[in-house]
Every structure is written in structure tokens, then in C-alpha cells.
Amino acid sequence: MRLHEYQAKQVFADAGIPTPDSRLASTVEEVMDAVDDIGYPAAIKAQVHVGGRGKAGGIKIATSEEEAREAAESIIGMDLKGYEVDKVLVEAGVDFENELYVGITMDRGEGEPVAMVSTEGGVDIESVAEETPEKIAREHIDPAFGLHPYQARKVVFEAGIPKDVAMDVASILSTLYDLYESKDASEVEINPVMITSDREVVAADAVMNIDEDALFRQPELAEMEDEAAGDELEAKANEYGFDYVRLSGNVGIIGNGAGLVMTTLDLVDYYGGAPANFLDIGGGAKAERVTQALDMVFADENVDSVVFNIFGGITRGDEVAKGINEALEQFDEIPKPVVVRLAGTNAEEGMEILNKDLVQVEGTLEDAVQRAVKNAEEVTQ
Amino acid sequence: MSIFVDDDTRVVVQGITGGEGKFHTEQMLEYGTNVVAGAVPGKGGQEVAGVPVYDTVDQAVAEEDADASVVFVPPAFAGDAVFEALDTDLDLVVAITEGIPTQDMAKVNKRLSEVDTRLLGPNCPGIITPGEAKLGILPGNIFESGNVGLVSRSGTLTYQVVSNLTERGIGQTTAIGIGGDPIIGTSFVDALEAFEADTDTDAVVMCGEIGGEDEEQAAKFIAENMDTPVAGFIAGRTAPPGKRMGHAGAIVSGSGTGTAESKIGALNDAGVPVGDTPNEVADHIEDFL
């Protein structure tokens, strides 16, 4: 789960990391009130989950009332790479001399967190990592002990951070690790940390991603999730607790187990169709979950056909069949043709229960996918 | 023969009194697995499906001489449950639980490097040596004893490929789910190394997916160390970058690493044919045998 910049900045500021004075605004008038308070220059920044906001016109610097109004009018309501901007952060502009990068993430290969520091801040850090990896100093962290202060100093000096601000940057890094651990983050990042003309360090951006599996012990962050959700259907999936990803095709896909659902997507593509979504009903799903899953997929207006691919292990075919029946019996007319393939635990019982007037049944994965692709083609023709 | 488990394996089930723990203990017993004990704090002295329950794993191991554990403990407590298992000198711990916070697993991973126990998972379906023992939630009836090893990051995909093999009369030595999380105990390389050393395994299926670099490392291992032929499958060719596809580990970064393309390329370079469909994987295995 990704926090918005303003949410992450609040978390950072609460922990004592210096951030610029800022206000959240969702109308032009609110922006004007905010710049009155903050003064000029001010940065007006779209709060959407899109990388490269600046280049896409989602961040503007205003040095006068006129510029502030223009910026607010152009950003609020704009479409930024598919996301509508409904909130902006109005922030005091920082007069800076240098831009640095600091971040902590999980190095999954090592199974340990890693702290990264670079003097190449304010730019796309992935490109730096790819083209000039020597410009990023790294320090692995023993998850049992945490980041020792000497390690924070070591990585900061290794990165070549100017000596007069090195201890301040090390202190920010230590605070970031405390947040990373205590908030169950999967990634925390400040890009850039600005060094001002007064040689002070300020977090001019804030990235914080939270491990969704740990939200149960992060109730305050979990509350921020609703605000952070982007797509309407993905928000609905959150509510139901499904693993769901919306895609651009027209074949709706429901299955159990991430690997098998991904495989079903791949096969839809392989047989010439286009998947509309990834939807994993999870292990041991009961009838009600299946009903909710169908509700999700039918709610996507792009969907022209649906394929159910269930290979029961912990999930039982009879439960799935009951769910499909219950969901479809509500309709006078089934909105989209549904192909069902059931295998594994209690699949035979499931096939007996399944109301075959409402669905098309196929025996193999390949046949089911091909039929669903064909169904979708017939609709679009 | 088989790897990691056989009919001598003596199993303690952590979380045996829970719904899943109880159901799958019964399934494991029915399959013929030696489930000798359960461990649930505060439930010591009870019995589940005729299996004695102890308050701690330590007691269960001491009293019943267990050498493996299967963890059916909810995610909030599962990290602690695996630590408990790792403190008792078991040979194998199989963590079925899905959704263990990654930082908990990082701590477990650290402890794992200090002990001799093998961890399988978490977020995995377990392991089965057909006809001998199954530890986990795999549906026993689709497996047949035979000469093909299987290792996979995904449970249901394992079932799909196994059913494609079994339908053709191709049985399995051992099938292993290593789990779809970013931090796992046993890797592809660990499993492949064991299959290579197993004289009864004549071919291996490896089912991977997007995210991480485990498949690329496995490809390198196969090229350098394996005589046993391997066929592969990679799920997630159509996954968009930056999105998490169910498995916590199944996320592609924007920069081209961890993609299906890079994994398939690495495997092909190592001489491993990769099927476009699960059925094609079975075709490749049939060609090997």
C-alpha cells in the first residue's frame, strides 16, 4: 500500500524529519488561502500515485498570486497518466544548493533491508542505479539488530555527502529506519533531501510504501488506505479483501491461487484475447466469496466474457459451484457469458451441483480459456 | 526415493486445533503421513484426530520424537511459531501460512542462517512424496509415485502441472511448493540441488513466476551443475509492471528485472525449455523420459 506524499510527509514530520511548511488543498480557493499563509515561492504538487509527476505537469512552482492561481487551475482536476487529481499539496519552496537521495528497502535476494544514500538526488534514482551504481552507497541491515548509528554514518560518508551536513543526513537515515521498522514499511525514500543555502537539510519529497500483510498491526496507516486507493474497482476489491488488479482487456478472470490466476491471464493472451483483470479468490473460499468475485467482475463495464478457473486444494469445488449458482440465479439474464472449469478437491461434487443452464462448462484449462476468448470476440464483433 | 520427506518423517502440526490445522491433519493422516503430535499454546493434553496436542513444540518433539513440523498458525503469530520450530532442531519446517509480514520473515531468515533446519515456505502448499507422506494442503489424489521432481512458487499451478503429468501416466518423486513470498526458506536452487542428487529423479519441472531473481539464479545453477533435464513454466507474462499480482513476491519492478521475459530467456539460455501452457511443460517432460 502506497501512501500519498502528503501522508508520508506527515509521518516523517511527526518523527522529527524536517519538512517544508505545507497545506493540503482540493479547490483553487483552498490553494490561494494556503499560499497566503505560506508565502512565495510555493510548490503546488498533485497528490496521485504516479511517478514523474513534475514532467507530466503535476508539479508547478508559483512565485506570485497569479501564477499560483494558474497552477491550481491547471493541476486540480487534470488527468495525470489516467488518474484524476483531486488533491494538491501546497508547499513552501526551498532555496537549495544540493539535492541528495536517501532510502531504505528490502533486498529480497539477501533477505535483509538495505539503506541507500547518494549525492545524485532529485533525479530518477532507478536510472542512477542502472547506469552509475557506484554513485549509490549501500549498507545492509541485520533485521534482528536494526541500523546501528555507526552504519548510518558509514554509508553517509561513503556516499560523499558534504561533511558539514553529514551528521544531519545520518540522523535522517536513522529516523527513516526506525519508521521503516515500526510502521512495517516495504520502502521509505526521500528524493530529494535538499541542502538549503543555510546548510540545513529538508525532506522535499516523501515516499512510503507499507507491507499490506502487516496492516493488521498498523491501524493508523490502514485508515489512510481508503484515501490512497486509486481505481474505483480496486477500491471495491479492497473492501472485499480480494487480490485484484484491473487490466485493459475484456475477458474477466476469476481463479484461486496467484500463480494459477496469472497463468490463466497468460493463456487468455496466448489464445488471442485480452485479460480484463487479475482476481484471486484465495484459498478455501466459500460460496459467498465466489458471489462477491462475480459481482466485482460484472461491475467492470469493459468485461465481455468471464472465465472461472478453479483447481481445488484447500478450496472445494462444491463450495465454488454453490457460489456461482447463487450469484447467477439472481439475474433474469446473465450479464456476460461465464465459462467454468473446476478441478481438484470436490470437483466432481461441484460439477453435479453447478447449474449448467447458467454457465458453460469445460474440462481443461486450455478449453475453458479458448471458449472465454471466443465469447468475448463474439461480443466485440 | 524422494527428497526432504518420506514415510519415516514424523510430523508435529503447529496450530492443529484451528479449522485449517484440524482439517488438513485429518487429510495428512488419511494420506498416510506420520502425524505424531500437535502443538498449540494452552491446548496441551487435548487430542485432535487421535493425535496428542502439546503446549509447546519443544514438548511435542521430546515426547513424540518428531523431526518435521507443519505450521498452520495465523499470520500475526506465524513468525513466532516458525521461530519456536527453529529452536527445536527439527530437520524440516513447512510454513503454510499466507500473509506473514515481510519484516517478520526477514528476522526468521536471519535465525534460519544460524540453525541446521530447512524451512519450506511460507505461503506454500507444502511438500509431497506420493505414496509416502504429504506435509501441507496439497490434494493427495492428483499425485502418483514416479520419477519426475517438481518445484514451484505457486500451489494451484503445481496442481495444474501435476494433473497434466499424472493424466499421461507420469508420476512424481517429490513435489515441493516453495511459496510466493519475497523472503522464503528453501529456494529453487536448494530444491534443484536435492533433485540432482536423487538417483530416482529423472527429470524436473520448475514452475516460476514474475518478481525477484530466483529463477535467473536457478537457470545459472542448472547450466553449471545439473545433468538431470529440467522443463520450466513462468507465470505472469501479461502482468503490468508495478502491480502486485496476488503473491507478495509477484511484482515486477519497472526496470526490466524480474519479468517473465528475463526469466524465460535465462532458462532457455541454460537449455531449459519453457512451456507456453502447463500442458506444454508436460510435453517437454514426456520428451525427456
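An unreviewed UniProt entry annotates chain B as Succinate--CoA ligase [ADP-forming] subunit alpha originating from Halobaculum marinum. Quoted verbatim from the Subunit (unreviewed entry) field of UniProt, the annotation for chain B is "Heterotetramer of two alpha and two beta subunits."

In the annotation of an unreviewed UniProt entry, the entry for chain A reads Succinate--CoA ligase [ADP-forming] subunit beta, and the organism field reads Halobaculum marinum. Under the UniProt heading Sequence similarities (unreviewed entry), the entry covering chain A gives this text: "Belongs to the succinate/malate CoA ligase beta subunit family." Under the UniProt heading Pathway (unreviewed entry), the entry covering chain A gives this text: "Carbohydrate metabolism; tricarboxylic acid cycle; succinate from succinyl-CoA (ligase route): step 1/1."

S.K.: I'm lost on the overall build of chain B in this one. Help?
M.R.: Tallying secondary structure elements over chain B gives 9 helices and 13 strands in all. The globule rule puts the C-alpha radius of gyration for 289 residues at 19 Å, and the 18 Å found for chain B is close to it. With respect to the principal axes defined by its C-alpha atoms, chain B has extents near 55 × 40 × 30 Å. At a minimum sequence separation of 6, the contacts of chain B that also span at least 24 residues come to 74%. Total accessible area on chain B is roughly 9900 Å²; 43% of this is exposed by carbon and sulfur atoms. Taking the 15 positively charged and 46 negatively charged side chains of chain B as two groups, their mean positions are separated by 9 Å.

S.K.: In this structure, what is going on with the packing of aromatic side chains? I would like to understand it.
M.R.: Given two aromatic rings, one states the distance between the centres and the angle between the planes to describe the pair. Summed over the entire model, instances satisfying the criterion amount to 5 aromatic pairs over all chains. When the ring of A:F311 is compared with that of B:Y159, the centres are 5.9 Å apart and the planes differ by 55°; the resulting orientation is tilted. Here the residue A:F311 occupies a position in strand β16 (residues 305-312), and B:Y159 occupies one in helix α5 (residues 155-167), the pair thus bridging two chains. An identical accessibility class is assigned to A:F311 and B:Y159; each is buried.

S.K.: Just to check I follow, could you spell out the sheet that holds strand β6 (residues 92-95) of chain B for this structure?
M.R.: Two modes of strand pairing occur in sheets, parallel and antiparallel, and in both the strands are linked by backbone hydrogen bonds. A sheet is described by the order of its strands in space; here 7 strands give the open sequence β3-β4-β2-β1-β5-β6-β7 (chain B), paired in mixed fashion. The outermost strands of the open sheet, each flanked by one partner alone, are β3 (47-48) and β7 (118-120) of chain B.

S.K.: Looking at this structure, I do not really get the nonpolar core. What am I missing?
M.R.: Soluble globular proteins tend to pack their nonpolar side chains together in the buried interior. Core analysis: the biggest nonpolar cluster contains 97 residues, and B:V94, B:L135, B:L165, B:L192, B:V205, B:M206 and B:M245 have the highest contact counts within it. A total of 7 residues in this core trace back to one element, the largest contributor, which is helix α9 (residues 258-270) of chain A. By size, the runner-up hydrophobic cluster in this structure holds 68 residues, among which are A:V169, A:Y177, B:V57 and B:L86.

S.K.: When you look at the pairing of strand β15 (residues 277-280) of chain A in this model, what are you seeing that I'm missing?
M.R.: The side chains of a regular strand alternate, residue by residue, between the two faces of the sheet. All names here are of chain A. Of the two faces of β15, the one carrying N277 and L279 and the one carrying F278 and D280 are both buried. Note: strand β13 (residues 243-246) against β15, 4 bridges, orientation antiparallel. If you follow Y244 over to β15, its bridge partner there is L279.

S.K.: Is there a simple way to explain the side chain of B:S154 in this structure?
M.R.: Structurally, the position occupied by B:S154 is in the loop between β10 (145-152) and α5. When its relative accessible area of 2% is taken as the criterion, B:S154 is described as buried. Among the polar contacts listed, one links the side chain of B:S154 to the backbone nitrogen of B:L157, at a separation of 3.2 Å. Once residues lying within four places of it in the same chain are set aside, the contact partners of B:S154 are A:G259, A:L260, B:E209 and B:H247.

S.K.: Got a minute to help me understand the interface of chain A and chain B in this structure?
M.R.: It is common to give the size of an interface as the accessible area lost on bringing the parts into contact. Opposite the 45 residues of chain A that make contact, chain B presents 51 residues. At the boundary of chain A with chain B, total buried surface from both sides reaches about 3900 Å², with 58% on carbon and sulfur atoms. It is A:R108, A:M262 and A:F311 that lose the most area in chain A upon contact with chain B, and together they represent 18% of the buried surface on that side. Counting across the interface, chain A meets chain B through 4 salt bridges. With its nearest N and O atoms 3.3 Å apart, the salt bridge here joins A:D142 to B:K110. Between the two partners, chain A and chain B, sit 11 residue pairs in polar contact (both at pLDDT 80 or more).

S.K.: Sorry if this is basic, but what is going on with the UniProt feature "binding site: Mg(2+)" (unreviewed entry) in chain A here?
M.R.: Residue and element names in this part refer to chain A. As recorded in UniProt, the sites labelled "binding site: Mg(2+)" (unreviewed entry) are N191 and D205. Positionally, N191 belongs in strand β10 (residues 185-196). The exposure class of N191 is buried, given its relative accessible area of 15%. A polar atom in the side chain of N191 sits 2.7 Å from the backbone nitrogen of G122. By secondary structure assignment, the location of D205 is in the loop between β11 (201-203) and β12 (207-210). Look past the residues within four positions of D205 in its chain and what remains in contact with it is E5, K9, R53, E189, I190, N191 and P192.

S.K.: For this particular structure, what's the right way to read the confidence of the model for chain A?
M.R.: Atomic detail in the predicted coordinates should be set aside for any region of low pLDDT. When pLDDT is averaged along chain A, the result is 92; 99% of the residues meet or exceed 70. Across chain A, element-level confidence peaks in helix α5 (residues 149-158) of chain A with a mean pLDDT of 98 and bottoms out in helix α7 (residues 219-228) of chain A with 78.

Rules and cut-offs
Residues numbered from 1 in each chain as written. Chains lettered and ligands numbered in written order. Predicted model: local features only at pLDDT ≥ 70, side-chain atom pairs only at ≥ 80, totals over all residues. Heavy atoms only, no water. UniProt positions renumbered as here; feature names shortened; annotations may be inferred. Helix = DSSP H or I, 4+ residues; strand = E, 2+ residues; numbered from the N terminus. Rg over C-alpha atoms; globule rule 2.2 N^0.38 Å. Contact = heavy atoms within 4.5 Å. Areas by Shrake-Rupley, 256 points an atom, 1.4 Å probe, with all protein chains shown as cover. Lys, Arg positive; Asp, Glu negative; His and termini not counted. Charge placed at Lys NZ, Arg CZ, Asp CG, Glu CD. Phe/Tyr/Trp six-rings, centres within 6.5 Å; stacked < 30°, edge-to-face > 60°. Buried < 20%, exposed > 50% of the residue type's maximum accessible area, 1.4 Å probe, protein only. Pairing = 2+ DSSP bridges. Core = buried A, V, L, I, M, F, W, Y, C linked by side-chain atoms within 4.5 Å. Polar contact = N/O pair within 3.5 Å; in protein donor to acceptor, adjacent residues only side chain to side chain. Buried area = accessible area lost by both parts, 1.4 Å probe. Salt bridge = Lys/Arg side-chain N within 4 Å of Asp/Glu carboxyl O. pLDDT = per-residue confidence, 0-100.

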